Amino acid sequence: MDRSHRGTIFLEEARVDAIRAFPGEQYILRLYAPQCAVRAQPGSFVHLQCAPEIPMRRPLSIRATDPDSGWLEVLFKVVGEGLHALATRQPGDRLSVLGPIGNGFRPDPARPRAVLIGGGVGMPPLQFLASRMATAVAEGWQPIVFFGSEIPFPFRPGHSGAALHGIDHRIDACDPEMEALGIPSRLASLAGFGGCYPGYVTGLVGEWLGAMHQNDLSEVAIYACGPAPMLRAAAALARDFAVPGQLCLEEYMACGVGGCAGCAVRIATDRGPAMKRVCVDGPVFDARAVHPELFTAA
Ligand SMILES: Cc1cc2nc3c(=O)[nH]c(=O)nc-3n(C[C@H](O)[C@H](O)[C@H](O)COP(=O)(O)OP(=O)(O)OC[C@H]3O[C@@H](n4cnc5c(N)ncnc54)[C@H](O)[C@@H]3O)c2cc1C
Ligand code: FES
């Protein structure tokens, strides 16, 4: 058992405070888990017990926290038995939470123009990162958020009044939660939702980056989480526009705390390729370090 993370990951008996349902079997679950809420960082996740009769925990990214009140939120879409059971939990229920786990995003202050790209249930860690940057505007962060989904978004999209250079004014669908934080956002979908960019979210980001001046591009960094093809496209954007990128990976997990190596993936390091555990060495990795084979499994 790897003990390097002892003292940073907590086991809590969390209380379900609220669960909100959205179309497409998507849910936002709010848990009272004060130790985890205080230490969570954007990109870190919790390993959750979904129901007493299901022994294997399920990993979910943290999307928001309130350290003072002690709650954290996750957003999930039902896939199979575990998340189906989680969706039936009611306020007042107790469930075991292990977290926060993992190395999250490492925002680069030298590149304040942070481009946050989230696809589907990859949105939560970017929502968390955006809210942290919004509370640190004095540090000069200028985040912009791009989300894509092929099922209804897990929020009611708004219409942004603020134009974005390089983006057609008819593409005005936005995430109201981001706009309320003062962060510009745009949405993409092939499902025909009004005001959305009719393509993949990375196509939209490509149009926005393509309209930027070289001086501004030198201040850009990409942060992305989503399905493997989206991460592949985000890594290609970083390469094509010569900007750094950080990708939040998903991998099948058993222990979730570094002990079983079941989540190991091949990562390029200064000393050549090495197997790294997505749970505790990641889940966020440098886009250039992720081996392309990881993007072919989706
Ligand atoms: C670090 C991390 C963060 C994640 N964050 C989110 C999130 O914020 N919202 C969200 O909806 N989903 C997220 N996922 C994916 C989520 O964990 C899986 O969809 C979930 O475990 C599926 O469980 P299930 O029982 O419903 O489905 P089943 O398919 O029945 O699960 C069977 C087994 O496969 C594993 N499994 C299935 N799909 C995945 C997957 N994509 N990744 C890892 N393990 C999988 C399960 O843990 C379980 O052991 C995340 C995964 C990881 C690794
Ligand atoms: S899931 Fe066991 S080491 Fe990552």
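In short, a report on the structure. Values in this document were obtained by computation on a predicted structure and should not be read as measured data.

### Brief notes about the overall build of the protein chain
Piece 1. When helices and strands are tallied, the protein chain shows seven helices and 16 strands.
Piece 2. Relative to the globule expectation of 19 Å for 298 residues, the C-alpha radius of gyration of the protein chain, 18 Å, shows essentially globular dimensions.
Piece 3. Considering only C-alpha atoms, the protein chain reaches an extent of 50 × 45 × 40 Å along its principal axes.
Piece 4. The burial tally for the protein chain puts 45% of its 298 residues in the buried class.
Piece 5. By sequence separation, contacts in the protein chain at least 24 residues apart represent 66% of the contacts at least 6 residues apart.

### Remarks on the packing of helix α5 (residues 201-210) against helix α7 (residues 228-240)
Piece 1. Between α5 and α7, whose axes approach to 9 Å, the crossing angle comes to 15°. What the angle tells us is that α5 and α7 run roughly parallel. Once α5 is placed against α7, the crossing between them reads as right-handed. Contacts between α5 and α7 pair V201, T202, V205, G206 and L209 from the former with M230, A233, A234 and L237 from the latter.
Piece 2. Split into classes, the residues belonging to the contact of α5 with α7 amount to seven nonpolar, two polar and no charged.

### Examining the sheet that holds strand β6 (residues 94-101)
Piece 1. Strand order in this closed barrel of six strands is β1-β2-β5-β4-β3-β6, and the pairing throughout is antiparallel. Across the sheet, the mean angle separating the axes of adjacent strands is 45° when strand polarity is ignored.
Piece 2. Two strands pair when backbone bridges link them, and strand β3 (residues 45-48) and strand β4 (residues 58-66) are joined in this way by four bridges, in the antiparallel orientation. By the bridge assignment for β4, H47 is matched with P59.
Piece 3. On top of the sheet, helix α3 (residues 123-134) reaches β4 and β5 (71-77); it is set at about 25° to β4, its chief contact.

### Side note on the site of ligand 1
Piece 1. The local shell around ligand 1 holds 22 residues, among which F76, G80, G82, L83 and V121 are the closest.
Piece 2. Counting only elements with at least two residues in the shell around ligand 1, the list comes to β4, β5 and α2 (81-86).
Piece 3. Considering only residue class, the shell around ligand 1 consists of 14 nonpolar, three polar and five charged.
Piece 4. Both domains that furnish three or more residues to the shell around ligand 1 are identified here as domain 1 (10-101) and domain 2 (113-295).

Basis of the calculations
- Residues numbered from 1 in each chain as written.
- Chains lettered and ligands numbered in written order.
- Predicted model: local features only at pLDDT ≥ 70, side-chain atom pairs only at ≥ 80, totals over all residues.
- Helix = DSSP H or I, 4+ residues; strand = E, 2+ residues; numbered from the N terminus.
- Rg over C-alpha atoms; globule rule 2.2 N^0.38 Å.
- Buried ≥ 20, exposed ≤ 12 C-beta atoms within 10 Å, placed from the backbone.
- Contact = placed C-beta atoms within 7 Å.
- Axes fitted to C-alpha atoms, helices over the stretch in contact; angles between N-to-C directions.
- Parallel < 35°, antiparallel > 145°, perpendicular 65-115°, else oblique.
- Left-handed = near helix turned anticlockwise from the far one by under 90°.
- Nonpolar A, V, L, I, M, F, W, Y, C, P; charged D, E, K, R; others polar.
- Pairing = 2+ DSSP bridges.
- Near = placed C-beta within 6 Å.
- Domains from an automatic or database assignment.

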